[in-house]
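Each chain, written out:
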Amino acid sequence: AGGKVLVVARDQIFLGAAVAQATMFGIALAIRFEESVLLAPLLVYGAGFAHTVVGGVTAIAGALITSASGRGRESAEALTGWVYLAGASIAMLLVANTAHGLAEVQGLLASTIIGADTADAVTLAAIAIVTSVVVALRRDELLLFVTDPEMARAVGLRVARWNRLLAIWLGVTLAMA
């Protein structure tokens, strides 16, 4: 429930879907370039690991892009929309002509929790615990940052830093999910 309040308070109700599409873009990149020398160190641990890492990097990048609103003409929702559209469309274009890439991306888009294994559950539980502890320890600062960034800046909170950290954590969380 806290995450929903956060995105509504920041006027970014489309954020989760956009960052998920940025993750799909990363997975599609990893599928398309699995034979690349750049991915060889990641492929030692398996294709799934490589997909997760590259998807995580693009999820973090997508979240950071959406957190950059206020630095130009684009609103947070406009940037979020662009991340969503680019992530979804480019992902499909990257894997359209690969042997099993399109089927794999479509399978990921339609996946359910039924396919989760113990490692997935432990990873998401760890993310939930870390998030809960940080929220409990930094509740007041987080609440002020979310509801009134200008006041937060006035009392000395580093709003830009909070924006970046939240974007990175959102990217990590959605990539792992």
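On a predicted model such as this, the values are computed, not experimentally measured, just so you know. (Residues numbered from 1 in each chain as written. Predicted model: local features only at pLDDT ≥ 70, side-chain atom pairs only at ≥ 80, totals over all residues. Heavy atoms only, no water.)

**What about the overall build of the protein chain?**
Cut-off, in case you're wondering: Secondary structure elements are defined from DSSP: runs of H or I of at least 4 residues count as helices, runs of E of at least 2 residues count as strands, and each element is numbered from the N terminus. Three exposure classes are used, based on accessible area relative to the maximum for each residue type with a 1.4 Å probe and protein chains only: buried under 20%, partly exposed in between, and exposed over 50%. Throughout, a contact is declared for two residues whenever any of their heavy atoms are within 4.5 Å. We get accessible surface area from the Shrake-Rupley algorithm with a probe of 1.4 Å; when it comes to residues, only the shown protein chains can shield them.
A tally of helices and strands in the protein chain yields 10 helices and zero strands. Secondary structure of the protein chain in N-to-C order comes out as α-α-α-α-α-α-α-α-α-α. For the protein chain, the residues scored as buried account for 28% of the 177 residues in total. Counted over contacts in the protein chain with a minimum sequence separation of 6, partners at least 24 positions apart contribute 67%. For the protein chain, the computed accessible surface area is about 10,800 Å², with 67% contributed by carbon and sulfur atoms.

**Here's the deal with a nonpolar patch on the surface**
To be explicit about the condition: Patch construction takes residues with relative accessible area above 30% that form no salt bridge. Like charges are linked within 9 Å, and nonpolar side chains (Val, Leu, Ile, Met, Phe, Trp, Tyr) are linked within 5 Å. Take a side-chain nitrogen of Lys or Arg and a carboxyl oxygen of Asp or Glu: if they are within 4 Å of each other, that pair is a salt bridge.
A grouping of V44, Y45 and F49 is seen on the molecular surface, where their side chains present a nonpolar patch of about 370 Å² in accessible area. Within the secondary structure, F49 sits in helix α4 (residues 47–66). On the basis of relative accessibility, which here comes to 38%, the residue F49 falls in the partly exposed class.

**With respect to the nonpolar core**
Applicable threshold: Among the buried residues, those of types Ala, Val, Leu, Ile, Met, Phe, Trp, Tyr and Cys that are joined through side-chain atoms within 4.5 Å form a nonpolar core.
In this structure, L142, F145, V146, A152, L157, V159, W162 and L166 together form the largest nonpolar core, which totals eight residues. At the level of elements, α8 (139–147) and α10 (159–176) are the ones that each hand at least two residues to this core. If sequence neighbours within four positions are ignored, V159 has contacts with F145, P149, A152 and R153. Counting residues in hydrophobic clusters, the runner-up holds seven residues, among them I27, I31, A91 and L94.

**Quick look at the environment of L43**
As for its placement among the helices and strands, L43 is situated in helix α3 (residues 40–43). Here the alpha-carbon distance between L43 and A30, two residues 13 residues apart in the chain, equals 9.7 Å. Excluding its chain neighbours within four sequence positions, the residues that come into contact with L43 are E34 and A50.

**A few points about the confidence of the model for the protein chain**
Applicable threshold: Scored between 0 and 100, pLDDT is the confidence that the predictor attaches to each residue.
On average, residues of the protein chain score 79 in pLDDT, and 80% of them are at 70 or above. Of all helices and strands in the protein chain, the one with the weakest mean pLDDT is helix α1 (residues 2–9) (54), whereas helix α9 (residues 149–154) scores best (88).

**Description of the packing of helix α7 (residues 118–137) against α10**
The angle between the axes and the distance between the axes are what describe a pair of packed helices. Cut-off, in case you're wondering: Axis geometry follows a simple rule: fit a line to the C-alpha atoms, using only the stretch in contact for helices, then measure angles between N-to-C directions, giving values from 0 to 180 degrees. Orientation categories follow fixed angle ranges, with anything under 35 degrees roughly parallel, anything over 145 roughly antiparallel, 65 to 115 roughly perpendicular, and all other angles oblique. Should the near helix be turned anticlockwise from the far one by less than a right angle, the crossing is termed left-handed; should it be turned clockwise, right-handed. When residues are sorted by character, Ala, Val, Leu, Ile, Met, Phe, Trp, Tyr, Cys and Pro go into the nonpolar class, Asp, Glu, Lys and Arg into the charged class, and all the rest, Gly among them, into the polar class.
Two elements in contact, α7 and α10, have axes whose closest approach is 10 Å; the angle formed by their N-to-C orientations is 155 degrees. Taken together, the axes of α7 and α10 are roughly antiparallel relative to one another. The handedness of the crossing between α7 and α10 comes out as left-handed. Facing α7, whose interface residues are T123, L124, I127, V130 and T131, α10 presents W169, T173 and M176. Among the residues forming the contact of α7 with α10, the class breakdown is five nonpolar, three polar and no charged.

**Focus: the packing of aromatic side chains**
What counts here: Pairing of aromatic rings covers Phe, Tyr and the six-membered ring of Trp, with a centre-to-centre limit of 6.5 Å; geometry is then stacked below 30 degrees between planes, edge-to-face above 60, and tilted otherwise. Whether a charge lies above a ring is judged from NZ of Lys or CZ of Arg, which has to be within 6 Å of the ring centre and within 35 degrees of the ring normal.
Considering all chains together, one arrives at two aromatic pairs under this definition. The ring of F33 has R32 sitting right over it, with the charged end atom 5.8 Å from the ring centre.

**Points about the environment of T58**
Its location among the elements puts T58 in helix α4. Among the residues examined, T58 registers a relative accessible area of 12% and is labelled buried. Between the C-alpha atoms of T58 and A22, which are 36 residues apart in sequence, the distance is 5.6 Å. For T58, the residues in contact, after removing those within four places along its chain, are A22, T23, F25, G26 and L29.

**Quick look at the packing of α4 against helix α5 (residues 76–95)**
Two elements in contact, α4 and α5, have axes separated by 8 Å at closest approach and are oriented at 155 degrees. By the angle class used here, α4 and α5 are roughly antiparallel. In the crossing of α4 with α5, the sense of the turn from one axis to the other is right-handed. Residue-level inspection shows G62, I65 and T66 of α4 in contact with α5, the latter providing A76, L79, T80 and V83. A class-by-class count of the residues in the contact of α4 with α5 yields four nonpolar, three polar and no charged.

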